[in-house]
Amino acid sequence: MKFAPMKFFRRSKKSTSDPKLSKRSQQQAHDDVERDKYRLYNPRHEQQYNYAAERGRVFVHWLQLPAPILERVFAFVCPHSCDESYENCERSAVEDACMLCDLRDLAHASQVCKPWRTSAIQLMYHSIRIDSVHYCEREIDLSERRKRKSRFDRNGIPEDPAGARLHLLCRTLRDDPTRLGKLVQFFKTPYMLRESNAPLLARTIAVLPNLKYVDLPEGLFMDDPAHHTLKLEVQARCPGLRKMTYLAGSERSLETLSRGSVWPNLEVLELGRINMDPAVLRHVFAALRSLRALKASDCRMLDDDFFRYNDTLPAFPPVEELVLTDVPRITASGLVAYLSRDDVKHSLKVLSLSNTGVHPTSLHNVLAHAPRLVTLSITEQVDSPFPSHGVPIPPLTNWALETLRYEITASPGSSGYASTTAGYYNYLASSLFAGGLPRLAAIYVRDQTFPDLLLGLPPPMPGFAGSPQRPSSAGSTGMFNAGSGGLSPSSVGGFSNPASRFSSNNPFASAFNGPRGPGMLSLNQTLEIFTKGDDDLDWGSTRMDPFDAYGGAGAARGRHGRSGSSASGRPLSSYGLSDIGAGWQAGGGARMSIIQGDGHGGFLSVPGDNTGGHGRKGSTSSFGQPKDEWPRPSSSQGPRKGDRDLWR
């Protein structure tokens, strides 16, 4: 038998009638289709077609957007990536959103094409935020998957997702520090993560040279020896930090700032229970040329001399935001001396005073010397009523103030029936009627009856003032009408002309004789008033509209000056000093009640439909028939014809 080994290596020829073409034939057919498409849409460039150049081009305009526009679009996909505030991780969370899901969507968008990836990476690593859980329904499923279950333990110990994310982030940044590490400017971590993983946090911060803000453990602010390595790492690797906090025990580290070699670009500085020489502290502030906000809490060594001019000490730098809490030695005279400088007068925009030596009666001096002040907060506990005798106190006047927090409460030692705070809120209402705060839009007070003071009604008359006069036969007519006039509102004297109490140069006289008539005060602007009582948890909101000359409230004539209530939160500080807004978050809205008696000592329930109306005219049911909003009495046989209810 003749052996022919080559026949085993022969390839069988496919017939041309086979429907399945070879890979090369399929590629050639695809090229022909693309060439035909190009000839169809580009007839003028038929001879210049190059499939190799046109193969990867997609005719979609949104894939060719410029980088700034792409970053703007991606900012709506992941809003927290544009967070540049100096708030910590807990206070900078985006409400009604899941930050982890938004970051996942941005990561998916970066995989579309190279231009998208370049813009997405710039945004993804600009402000990094690590969260422990998903703030959506996805967390229910993921929490079960993270448990280390076994055959005998179905509820195993869950893993630490925040720690795992920090490990992955540290590995990614250290693998490419030249391109990714320099992009990070804000780094925020949860409280438990930064308190328990200080070594891993130090390894991550070591490759972030352009960092401006980072969440650090509290022990670092008090010079705790356990965080000494982390502090040295932050000082050496992150010279461009913008915010730092110093608490009791860190006076030596605070003094090193005066040399100008450690964090010279600080913009926000927080001091808590610091006890050091004010002269040394003045040198520290003089070295911080970029300081914009200062918060001092429980610093007993600060007094008025700290803000006054001194030939031997550098001047206190001008700031935009000044927060003083539990500093009783600083009074209004010290702030006035500080605000008398031209650079400070045009820079200060936010001032917060809580339990300081600035009394509400001297607040008008501070406002008069701060022409650029936008937000003012004063929180005081008073034990004496507002002074009503002696030299008259001028009203509050400021042409730039927009938000006023005026929280005056009685001290715990004062009696609850003394009405200690009534005079302070009357003074605030008189200042509003005087028109000295034209740009004021929001007021926060701790008196629930304050909106009633702004209705501008005249003072209540005595119970016998409007009683009918006694007959002339009684011989006592002269007794009631003797002198300049009686107690009747229609008489010439007495209560008939309340405006006579004001002198010609009194600022309240024009407001008292306003467009609503003599004796009726009126506001000059629309105000949003937030009130809160001693037992309330949330802030109630009331909108007060100004009255025009025709008795109307603004554009809606014929309405009452008090409009509907709503809920609103207090704006937070852009410098991370959000303790100013503690308790300003309004939740649930204001309380509005409708009470209707039933004629037997009880109250009727509020109907569920059309509760906003006060009358029954025009209210119809779904069948077109008039509908009563309140229940009508009826007998056992039903309503009888001709019966009239008691609510008409």
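A quick note: this is a predicted structure, and the numbers were derived from the prediction, not measured.

**Concerning the overall build of the protein**
Move 1: Counting its secondary structure elements, the protein contains 20 helices and 14 strands.
Move 2: Relative to its full complement of 648 residues, the protein shows a buried share of 40%.
Move 3: Here the analysis covers contacts within the protein between residues at least 6 apart in sequence; of these, 68% occur between residues at least 24 apart.
Move 4: Carbon and sulfur atoms make up 52% of the accessible area of the protein, which totals about 38,200 Å².

**What to know about the packing of helix α9 (residues 198–205) against helix α11 (residues 228–237)**
Move 1: Close contact between α9 and α11 brings their axes to 10 Å; oriented N to C, the two are set at 10°. Here α11 runs roughly parallel to α9, going by the angle between their axes. From α9, Ala198, Leu201, Ala202 and Ile205 reach across to α11, where they touch Leu230, Glu233, Val234 and Arg237.
Move 2: Considering only residue class, the contact of α9 with α11 consists of six nonpolar, no polar and two charged.

**A few points about the nonpolar core**
Move 1: Ranked by size, the top nonpolar core spans 111 residues in total, and within it Tyr125, Phe187, Leu271, Phe285, Tyr406 and Leu454 carry the most contacts.
Move 2: When near neighbours in sequence (up to four residues on either side) are disregarded, Phe187 contacts Ile128, Ile130, Leu166, Leu169, Leu201, Thr204, Leu208, Leu211, Tyr213, Val214 and Asp215.
Move 3: Listed in part, the eight residues of the second largest apolar core include Phe186, Val268, Tyr575 and Leu577.

**Thoughts on helix α5 (residues 114–124)**
A turn of α-helix holds 3.6 residues, and therefore any two residues three or four places apart point the same way.
Move 1: Among the residues making up α5, those that are buried are Trp116, Ser119, Ala120, Ile121, Leu123 and Met124.
Move 2: Where α5 is buried, its residues touch α3 (67–77), α4 (99–109) and β1 (127–129).

**Examining unusual backbone geometry**
Move 1: Even without being glycine, Arg273 reaches a positive phi, approximately 60°.
Move 2: Arg273 sits in the partly exposed class, given a relative accessible area of 45%.
Move 3: A positive phi is found at Asp298, a non-glycine position, where the angle reads about 55°.
Move 4: Note on placement: Asp298 falls in the loop between β6 (293–297) and β7 (321–325).

**Here's the deal with the pairing of strand β5 (residues 268–272)**
Move 1: Across the five residues of β5, five count as buried, placing the element largely inside the fold.
Move 2: Taking every second residue as pointing to the same face, both faces of β5 are buried, with Val268, Glu270 and Gly272 on one and Leu269 and Leu271 on the other.
Move 3: Taken together, the five bridges between β5 and β6 define a ladder with parallel strand orientation. Bridged to Gly272 within β6 is Ser297.
Move 4: Handedness of the crossover joining β5 and β6 through helix α13 (residues 278–287) is recorded here as right-handed.

**What to know about the packing of α4 against α5**
Move 1: It is at 8 Å that the axes of α4 and α5 come closest, and there the two elements cross at 150°. The pairing of α4 with α5 is recorded here as roughly antiparallel in orientation. Residues Leu103, Leu106, Ala107 and Ala109 of α4 form the contact with α5, whose participating residues are Trp116, Ala120 and Met124.
Move 2: Of the residues that constitute the contact of α4 with α5, the class distribution is seven nonpolar, no polar and no charged.

**Digging into a nonpolar patch on the surface**
Move 1: A contiguous nonpolar patch, built from Leu65, Ile69 and Val73 and spanning about 220 Å² of accessible area, is present on the exposed surface.
Move 2: By the element assignment, Ile69 lies in helix α3.

**What about the state of the cysteines?**
Move 1: Per the counting criterion, the structure on display carries zero disulfides.
Move 2: Between Cys101, a free cysteine, and Cys98, which holds the nearest cysteine sulfur, the sulfur-to-sulfur gap is 3.4 Å.

**Points about the sheet that holds β1**
Strand pairing within a sheet occurs via backbone hydrogen bonds; the two strands may be parallel or antiparallel.
Move 1: In spatial order, the strands read β1-β2-β3; together these three strands make up an open sheet with parallel pairing. Unpaired on one side and paired on the other, β1 and β3 (213–214) mark the two borders of the sheet.
Move 2: Judged from the two bridges that link them, strand β2 (residues 186–188) and β3 form a sheet pairing that is parallel. Bridging across to β3, Phe186 finds its partner in Tyr213.

**Looking at α3**
Move 1: Among the residues of α3, those classed as buried are Leu70, Phe74 and Ala75. Seen end-on, α3 carries its buried residues on one side only, within an arc spanning 145°. Turned more than 90 degrees from where α3 packs its buried face, Pro68, Arg72 and Phe76 sit exposed.
Move 2: At its buried positions, α3 is contacted by α4 and α5.

**Thoughts on the pattern of salt bridges**
Move 1: All told, the structure shown has 19 salt bridges when counted by the stated rule.
Move 2: A salt bridge links Asp215 to Arg194, with the nearest nitrogen and oxygen atoms 3.9 Å apart. Here the residue Asp215 occupies a position in the loop between β3 and α10 (218–221), and Arg194 occupies one in helix α8 (residues 191–196), the gap between them amounting to 21 residues.
Move 3: Among the residues examined, Asp215 registers a relative accessible area of 3% and is labelled buried.

**Things to note about the environment of Met192**
Move 1: Checked against the element boundaries, Met192 lands in helix α8.
Move 2: Taking relative accessible area as the criterion, Met192 reaches 59% and is therefore assigned exposed.
Move 3: Here the alpha-carbon distance between Met192 and Ala162, two residues 30 residues apart in the chain, equals 9.2 Å.

**Regarding the side chain of Thr420**
Move 1: In this structure, Thr420 sits in the loop between β10 (403–410) and α17 (422–434).
Move 2: With relative accessibility at 8%, the residue Thr420 sits in the buried group.
Move 3: Those residues in contact with Thr420 that lie beyond four places of it in its chain are Val382, Asp383, Ser384, Pro385, Phe386, Ala410 and Ser414.

**So, the confidence of the model for the protein**
Move 1: Looking at the protein as a whole, its pLDDT mean stands at 75, while 64% of the residues score no less than 70.
Move 2: The model gives residues 13–17 a pLDDT under 50, and that stretch makes zero contacts with residues more than four places away or in other chains.
Move 3: With pLDDT under 50 throughout, residues 581–595 is counted as low confidence; its partners more than four residues away or in other chains account for 40 contacts.

**What about the packing of aromatic side chains?**
The way to describe two aromatic rings as a pair is by their centre distance and the angle between their planes.
Move 1: A full pass over the atoms with the stated rule returns 16 aromatic pairs.
Move 2: Between the aromatic rings of Phe285 and Phe316, the centroid separation amounts to 5.2 Å while the plane-to-plane angle is 85°, which identifies the pairing as edge-to-face. Residue Phe285 is located in helix α13, and its partner Phe316 is located in the loop between β6 and β7; the two are separated by 31 residues in the primary sequence.
Move 3: Centroid distance Tyr444 to Trp539: 5.5 Å. Interplanar angle 80°. Geometry classified as edge-to-face.

**Details of the pairing of strand β12 (residues 527–531)**
Move 1: Of all five residues in β12, five are buried, a share of seventy percent or more.
Move 2: Relative to β12, strand β11 (residues 442–445) runs parallel, the two being bridged by four bridges. In the sheet register, Tyr444 faces β12, and the bridge partner there is Phe530.
Move 3: The pairing of β12 with strand β13 (residues 540–544) spans five bridges and is antiparallel. Opposite Phe530, over in β13, you have Ser541 as the bridge partner.

Calculation rules
Residues numbered from 1 in each chain as written. Predicted model: local features only at pLDDT ≥ 70, side-chain atom pairs only at ≥ 80, totals over all residues. Heavy atoms only, no water. Helix = DSSP H or I, 4+ residues; strand = E, 2+ residues; numbered from the N terminus. Buried < 20%, exposed > 50% of the residue type's maximum accessible area, 1.4 Å probe, protein only. Contact = heavy atoms within 4.5 Å. Areas by Shrake-Rupley, 256 points an atom, 1.4 Å probe, with all protein chains shown as cover. Axes fitted to C-alpha atoms, helices over the stretch in contact; angles between N-to-C directions. Parallel < 35°, antiparallel > 145°, perpendicular 65-115°, else oblique. Nonpolar A, V, L, I, M, F, W, Y, C, P; charged D, E, K, R; others polar. Core = buried A, V, L, I, M, F, W, Y, C linked by side-chain atoms within 4.5 Å. Pairing = 2+ DSSP bridges. Right-handed = clockwise from strand over helix to strand, strands pointing away. Patch = residues over 30% accessible without salt bridge, like charges linked within 9 Å, V, L, I, M, F, W, Y side chains within 5 Å. Salt bridge = Lys/Arg side-chain N within 4 Å of Asp/Glu carboxyl O. Disulfide = S-S within 2.5 Å. Arc of directions from axis to C-beta. pLDDT = per-residue confidence, 0-100. Phe/Tyr/Trp six-rings, centres within 6.5 Å; stacked < 30°, edge-to-face > 60°.

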